[in-house]
Each structure stands twice: as C-alpha cells, then as structure tokens.
Amino acid sequence: MSLALARKYRPKTFADVAVQSHVSNTLRGAIARQRVAHGYLLCGPRGVGKTTLARVLAMALNCERKRDDGEPCGECTSCTRTWSGSSSLDVIEIDAASNRGVDDARDLRERAMYAPSGDDRYKVYIVDEAHMLTREAWNALLKILEEPPPRVIFVFATTEPQKIAQTAAPVLSRLQRFDLKRIGPADITRRLATVLAAEDVTASSDALGMIARAADGSMRDALSLTDQVISIGTGPLTAERVREALGLVPEDEFIAILDIIGSHRAGEIFTTVNRLADAGVDFGVFLAGFADILRAQLTVVLSGKADGVSTTAAASLAERKNLFSAGDLLRMISAINALEPTFRKSGQQQLLVEMLLVRMALLDKTVLLEDMLAGLGNAADASAPSGGSAGVGAVRSAPAYPPATPVARSAARPPNATPRHPAPPVRPISVAAPSSPPDWAPAPTQAATDASVQEMKRAMESTARDTNRSRMTPEALREERLGVLRQKDPGLGAAIDALDLELLD
Ligand SMILES: [Zn+2]
C-alpha cells in the first residue's frame, strides 16, 4: 500500500512549513542563535502543522548536519527517525489523550531527568492534545518546567489552549506560546498542486479548489481527501471525480435551486429535494454547499466577482447578478445559519430543508420586517407617498398597512431584476405584532424548531394510525405537510393561498 500523501509529504524543514512562517521563522531563528526555550506551546486548529513543526524543531535540535540558518538537513539518521515518528531515545512523542493522569506525568518527569543520549543532543518531549492532561498531571510537570534539566525541551501541542489556561495557568507562563493559523483554500490549493505534480497526477483547478474548500482549513484533511479521490478511479482529477468521492452536491443543482427560489416556484422545491434525497445526498453537506453558493452570489452582487466557487459556477452566478438583492442573500444565509445548531441532531432533515427552501422561495411574498419598521419610522412623514415601488410594491403597499413607504427596498432592486409575480395583496400577518420575527425567517430557536417538527411528526403519526385512510401517496403526504406548515406558519399559509401555488398537484 502506498504511503498516505499526508505522511509522504510531511515537511522536513522550517521553510517547508511555509503557511505558518510566522512561527517557523521564529523557531528556526532561535535554533540558529542557540536561544531555544525549554518549553513551547503550539496552538491551532487540527491539521495545520502543530506536530509537524514540533518534529522539525526536534530534527533541527539533533541534526547531525544542521545548517547555519537553523534548518535540519532532513536526511541524516536522526532527522529521518524523528521525521517518521519512529521510536528514538531523544525524541519522545506522547499522546496526552491516553496518558493524561498524574502517574504518567510523574513517569515523564522522572524520565526527563535522564540526560540525552549524547553530549551535543537534546531530549525533546512532544506532548500532543496537551489540553487533555489533568490538573494533577500539570502540577507534576510544573516542577520540571520551573527548573528544567539542561538540554530537555518540552513541546506541547493543543487545539484548545483555553482549557490549559483553566487547568494549568501557572504552566502557561513557563512556555513560549505560538498560535498557528487556519490554512486558507489558496494555500491548500497551492500545496496540493505541488504534491500532485510530484505524484504525476494531473488535476483541474476546480477539482483542487473543491478539495481545498472541503478540507476547511486543515492541510492534513486536504491531503487525506486527495488520497480518497485518487483511490476511486484513474486518470486526471476532475471536479466530477471529487464530487463523487466526497459526496458533494453538483453546483448546477444549487444554481437550479437559486432559479427556483428567484422565480418563486415554491412547488418545485419538493421534487428537487426528493431527487437529492434519492441520490443519497447528505443534507448537512447540502446546506453547507448551498451556503457557499449564496455567499458567492453575495460577493457577485457586492463586488461583481464570485468568490470560492468553480469558474463554471462563477459564470452562472454572474449571469444571475440581479436575481437577488444583497439583503435577500444575507437573509437566506442567516436562515441557514439559524438552522445549523439543530439540524445535525434532527431526525427530519429533509423536511427542514424543504421548509427552509420553500420559505426562501416565498421570501418576497411575505412581509419584510425591515420594510415595516422603515414604514413605521416614516409614518410621520405623511407627505411622502409610497411611489417608486414597482415590482415589489404590490406586496408592500397593500392597503392593509398604510404607513408603508418602501423607498429603501425598491432602490435595492435593479429595474431589470426578475419580474415579481403580480401578487395580490397578502394578508399582512406580522403587522399585527411588529416585535415578532418576520414570517420567512426560520424558526428562531431550537425549541421552536423542535416543537414545530414534533407537531408535524404527531400529525403524520395520527394520520398513519387512521385505519380508514387510503394508501398514502406522495401527493397526499405533501399536502399533509403543507397543511401543517400552514397551521404552524399562518404567513406561509396566507401566501400559498394568495398565490394559489400549484403545490398540491
Ligand atoms: Zn539531519
């Protein structure tokens, strides 16, 4: 079996850890000037190079052919052993997650008292997941950190430095702390390109971009994902192959959904979501991908350039520049964010996605809180008629709420935006209670989401128990869901009625 890319291409010098140059340059300089500290704390998210830097530091300290600038040679026996993480007398790696107790720490303390194996060598203890150490274990280590034996170095690596601050604040003052940063998609893409060139694998830039975005700041994850993609097939790495390997939703599906929402074809949401479910899409992955597309569309609206998507998707989004206002896109992104805390735990993910998308598709048909507030604020200015609200005015200037003067909103809509439906006046539900959130928003709290999902579930279950009912068709099920939706969300119900949407087939 071939060596995993993340291992094979683990950096061997400080210069190779380029992304974390603010840390690696400092460490290299300390070695060159022989001003190495006794204890280091490397903090940062997973997969950004903490253990790698600790190993390079240990290599540099013990290298037989160390360079004047502090870089290890990367090739001598000492370097090779340390780099591969194989057992060594002088470089000891400890996983604090499984050696977290006071006895382990005492054992470590006693072992640290033994001198390194040679006069010119250093003993380096690399403690991973250091936040897992108990308070007692830290206390046992504190002594040795206060009076360190000569040429003994501790490097602690952690993803959660705040936990160390809680359990072992006095230790922190004995350590030099470095914060490693998340690795951005551009840096990851560059590194992947280098690695794949060395592996003689050609890859499209879209494919690399997708992997980089999926890796979410972790170089190790990016390389593991690349391994995964390479393993399913042969030939060049294409966007299609990455999508298949990582279970990503094709970008054109997202674009199609944008079109559905933009033209308020709410009824098509159900068939689209059903198709995705049939294709085995993970709805969590779906939401993350959809949020990325909305974010990219927002960057198109604000700056004219799509950010963080493939070139094909960027072109599609640019064509839809006037489909949504920045405000609409922000609302949709917040709606996804609001759903996130409850979503993973929910047993009704498909339903939640459907509700979310239907709400988005009906976005413009319901009352927008900010308009209403603007209207209330301008109520005193009775001399200003609510003109210039073409397109969206049908809803906002409905006679039911006279103070509406939607001037700001109409400015946000370019005249060549997709024409809105000539909507009949919608009953302005939220006008009655201006302090309540707008109707289109997702259920605002976890409790509310759970409650509405539970309610829906109960309704479905009671139907299921009804022995007289005919066999449940997908249409009937849909109708029932909508019925509950209407009940829970009068604004939505009103909008459906008003538009006479063909949701019920
Ligand atoms: Zn060496």
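Residues numbered from 1 in each chain as written. Predicted model: local features only at pLDDT ≥ 70, side-chain atom pairs only at ≥ 80, totals over all residues.

Chemist: Looking at this structure, I do not really get the overall build of the chain. What am I missing?
Modeler: Scanning the chain from N- to C-terminus turns up 24 helices and five strands. The buried share of the chain, taken over its 505 residues, is 40%. Counting only contacts in the chain whose residues sit at least 6 apart along the sequence, the fraction spanning at least 24 positions is 74%. (Helix = DSSP H or I, 4+ residues; strand = E, 2+ residues; numbered from the N terminus. Buried ≥ 20, exposed ≤ 12 C-beta atoms within 10 Å, placed from the backbone. Contact = placed C-beta atoms within 7 Å.)

Chemist: I'm lost on unusual backbone geometry in this one. Help?
Modeler: Note on backbone geometry: most residues besides glycine have negative phi, and most peptide bonds are trans. Its identity as a non-glycine residue notwithstanding, Asp-200 has a phi of 65 degrees, on the positive side. For His-264, which is not glycine, the phi torsion reads 60 degrees and is therefore positive. Position of His-264 among the secondary structure elements: in the loop between α13 (251-262) and α14 (268-278). Classification of His-264 by C-beta neighbours within 10 Å gives buried; the count is 21.

Chemist: Looking at this model, I keep getting lost on the packing of helix α3 (residues 50-62) against helix α4 (residues 77-84). Mind explaining?
Modeler: When two helices pack together, you describe them by how their axes are tilted relative to each other and by the distance separating the axes. α4 packs onto α3 with a crossing angle of 165 degrees between their chain directions and a minimal axis gap of 9 Å. Between α3 and α4, the interaxial angle falls into the category roughly antiparallel. For the pair α3 and α4, the crossing hand works out as right-handed. Listed contacts from α4 to Arg-55, Ala-58, Met-59 and Asn-62 of α3 are Ser-78, Cys-79, Thr-82 and Trp-83. Partitioning the contact of α3 with α4 into residue classes produces four nonpolar, three polar and one charged. (Axes fitted to C-alpha atoms, helices over the stretch in contact; angles between N-to-C directions. Parallel < 35°, antiparallel > 145°, perpendicular 65-115°, else oblique. Left-handed = near helix turned anticlockwise from the far one by under 90°. Nonpolar A, V, L, I, M, F, W, Y, C, P; charged D, E, K, R; others polar.)

Chemist: Please clarify how the pairing of strand β2 (residues 91-95) should be interpreted in this entry.
Modeler: Moving residue by residue along a regular strand, the side chains alternate between the two faces of the sheet. The sheet contact formed by β2 and strand β3 (residues 123-128) spans five bridges and is parallel. Counterpart to Ile-94 in the pairing with β3 is Val-127. Crossover handedness for the path β2 to helix α5 (residues 102-112) to β3: right-handed. (Pairing = 2+ DSSP bridges. Right-handed = clockwise from strand over helix to strand, strands pointing away.)

Chemist: Can you walk me through the nonpolar core in this structure?
Modeler: Here is a general trend for soluble globular proteins: nonpolar side chains tend to be buried in one another's company. Ile-126, Val-155, Ile-211, Leu-357 and Ala-361 are the most contacted members of the largest nonpolar core, which has 114 residues in total. Ranked by the residues each element gives to this core, the list is headed by helix α15 (residues 283-303), at 10 residues. When sequence neighbours within four positions are dropped, the list of residues in contact with Ile-211 reads Leu-192, Ala-222, Leu-225, Thr-226, Val-229 and Val-242. (Core = buried A, V, L, I, M, F, W, Y, C linked by C-beta atoms within 7 Å.)

Chemist: So what exactly am I meant to see when it comes to the packing of α14 against helix α18 (residues 349-361) here?
Modeler: Closest axis-to-axis distance for the α14/α18 pair is 10 Å, and the angle between their directions is 145 degrees. The chirality of how α14 crosses α18 is right-handed. Contacts between α14 and α18 involve Ile-269, Phe-270, Val-273 and Ala-277 from the first element and Gln-350, Val-353, Glu-354, Leu-357, Val-358 and Ala-361 from the second. Taken together, the residues of the contact of α14 with α18 sort by class into eight nonpolar, one polar and one charged.

Chemist: Even after reading the chapter, I still don't get the sheet that holds strand β1 (residues 39-43), so can you show me in this structure?
Modeler: Pairing between the strands of a sheet comes from backbone hydrogen bonds, and it takes one of two forms, parallel or antiparallel. Strand order in the open sheet formed by five strands is β2-β3-β4-β1-β5, with parallel pairing between adjacent strands. Edge positions in the sheet fall to β2 and β5 (176-179), since each of these pairs with one other strand and no more. The average undirected angle you get between the axes of adjacent strands in this sheet is 15 degrees.

Chemist: When you look at the confidence of the model for the chain in this model, what are you seeing that I'm missing?
Modeler: Caution is warranted with low-pLDDT regions, since their predicted coordinates should not be read in detail. Overall, the predicted model of the chain reaches an average pLDDT of 79, with 71% of residues at or above 70. Confidence over residues 467-471 falls short of pLDDT 50; this stretch has one contact with residues more than four positions distant or in other chains. Contacts from residues 498-505, a stretch scored under 50 in pLDDT, to residues over four places away or in other chains number 17 contacts. (pLDDT = per-residue confidence, 0-100.)

Chemist: Sorry if this is basic, but what is going on with the environment of Gln-297 here?
Modeler: Looking at the element boundaries, Gln-297 is found in helix α15. Here Gln-297 falls in the buried class, since 29 other C-beta atoms lie within 10 Å of it. Expressed as a C-alpha distance, the spacing of Gln-297 and Phe-324, which sit 27 residues apart in the sequence, is 8.5 Å. Non-local contacts of Gln-297, meaning those with residues more than four positions away in its chain, are made with Leu-258, Leu-317, Arg-320, Phe-324 and Leu-329.

Chemist: Looking at this structure, I do not really get the pairing of β1. What am I missing?
Modeler: Counting buried residues in β1 gives five out of five residues, a clear majority hidden from the surface. Burial along β1 is two-sided: Gly-39, Leu-41 and Cys-43 facing one way and Tyr-40 and Leu-42 facing the other are all buried. In terms of strand pairing, β1 meets strand β4 (residues 152-158) through five bridges, oriented parallel. In the sheet register, Leu-42 faces β4, and the bridge partner there is Ala-157. Note: β1 against β5, four bridges, orientation parallel. Residue pairing in the sheet places Tyr-40 in a bridge with Gln-176 of β5.

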